[in-house]
Amino acid sequence: MFQIILFTLATSFSADADSLRTEMINGKPFVIHQVGEKETLYSISRRYGSTILAVLEHNPTADAGLEVGQILKVPYTPKTKSHPTVQTADGLIHKVAAKETLFSIARLYNVSVDDIKLWNNLQENSLALGQDIIIKRKPAIEVVKEVAPVLPSGARTHTVLAKETLFSISRAYGMTVQQLKDWNGIQDNELKVGQVLSVTAPTTTTSTVVTNTNPVVTTTTVVPKTTSPVTVSESLVGTDEIREIGMADLITGSEGNRKYLAQHPTVKPGTILKIRNVLTNQEVFVRVTGPIPAPDGTTIIRISKSAHDRLGALDPRFKAEITYYK
């Protein structure tokens, strides 16, 4: 495999009119794609051999929904085909096949059209069937991995912001809802804006009791409940978690809404739910706005169009798993 140094392709794909061009970003190829009618993050990621998470990583505003004409930077994985080649000391020789162009050969070997023309002393872009094209090997590029920052030790606190819940705060710090309630003496699920919460387990305390003239030192150790760190796909420890599996459907008229919203038959408005598309295994968190109007008995939840796109659903109605807390 050849390493990429330069990729200067500014022409559009012959078969994809909405693929404006390709660019190199941090040494990796990207397609500059213009969103068309009825396209979703899932269909676009499948089209270019990428994933929804990879597309969102480079297009953070896309998680609120797509708009026709919106420009996306999509990580692109070129499709490889077998071609007759001859290995050489510093690369290989490619024999031009029918309908191949400088552009298609450059994409095949992850090099630029200008490089191929330079290596082969070509003045024009035309090629002949069976022509030998030299492809030189490029030096490897050293990749430096970023090291995640180490959080400082010691006690930490969190100040409650508007619309935050026990569930969202516990997820942010890798703990369970019950731990957060125990550490802060919370009996119900209500929080106040500006409330300061402890997000670390209580530490060991030492006290001295004086009896007559002989001091007696006693040590009280508070042992917190231990659980594994919480991730999106794990079950939380405790009895407050509720899971349902059934059919999910779209909220009628939510195409222009960029928020992640939902309707549920029994969950009270304001509750945060996690929804997982059983087919694509994609997940999203939504806020319940109210009950499902005119329930049909088979639909367990209805979601906004933006949440539907985030889950990569191919049809308006699909099988889903929902998780929430009492």
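Above this text is the structure in question.
1. Here's the deal with the side chain of Glu 321
And step 1. Relative to the helices and strands, Glu 321 is located in strand E16 (residues 318-325).
And step 2. Residues contacting Glu 321, with those up to four places away along its chain left out, are Arg 243, Glu 244, Ile 245, Lys 274, Ile 275, Arg 276 and Val 278.

2. With respect to the environment of Leu 191
And step 1. As for its position among the elements, Leu 191 is in the loop between helix H6 (177-184) and strand E8 (196-198).
And step 2. If sequence neighbours within four positions are ignored, Leu 191 has contacts with Val 160, Glu 164, Thr 165, Leu 166, Ile 169, Ile 186 and Leu 197.

3. Some thoughts on the packing of aromatic side chains
And step 1. For the structure shown, the criterion picks out 1 aromatic pair.
And step 2. Here the aromatic rings of Phe 167 and Phe 285 are separated by 5.8 Å at their centres, their planes lie at 45 degrees, and the arrangement is tilted. One end of the pair, Phe 167, is in helix H5 (residues 166-172); the other, Phe 285, is in strand E14 (residues 283-290), with 118 residues separating them in the sequence.

4. What to know about the nonpolar core
And step 1. Counting 19 residues, the largest nonpolar core has Leu 273, Ile 275, Val 284, Val 286, Ile 301, Ile 303 and Phe 318 as its most contacted members.
And step 2. Breaking this core down by element, the ones donating at least two residues are strand E13 (272-277), E14, strand E15 (299-303) and E16.
And step 3. Dropping the residues within four chain positions of it, Leu 273 is found in contact with His 264, Val 267, Val 284, Phe 285, Val 286, Val 288, Ile 301, Thr 323 and Tyr 324.

Definitions and limits used
Residues numbered from 1 in each chain as written. Predicted model: local features only at pLDDT ≥ 70, side-chain atom pairs only at ≥ 80, totals over all residues. Heavy atoms only, no water. Helix = DSSP H or I, 4+ residues; strand = E, 2+ residues; numbered from the N terminus. Contact = heavy atoms within 4.5 Å. Phe/Tyr/Trp six-rings, centres within 6.5 Å; stacked < 30°, edge-to-face > 60°. Core = buried A, V, L, I, M, F, W, Y, C linked by side-chain atoms within 4.5 Å. Buried < 20%, exposed > 50% of the residue type's maximum accessible area, 1.4 Å probe, protein only.

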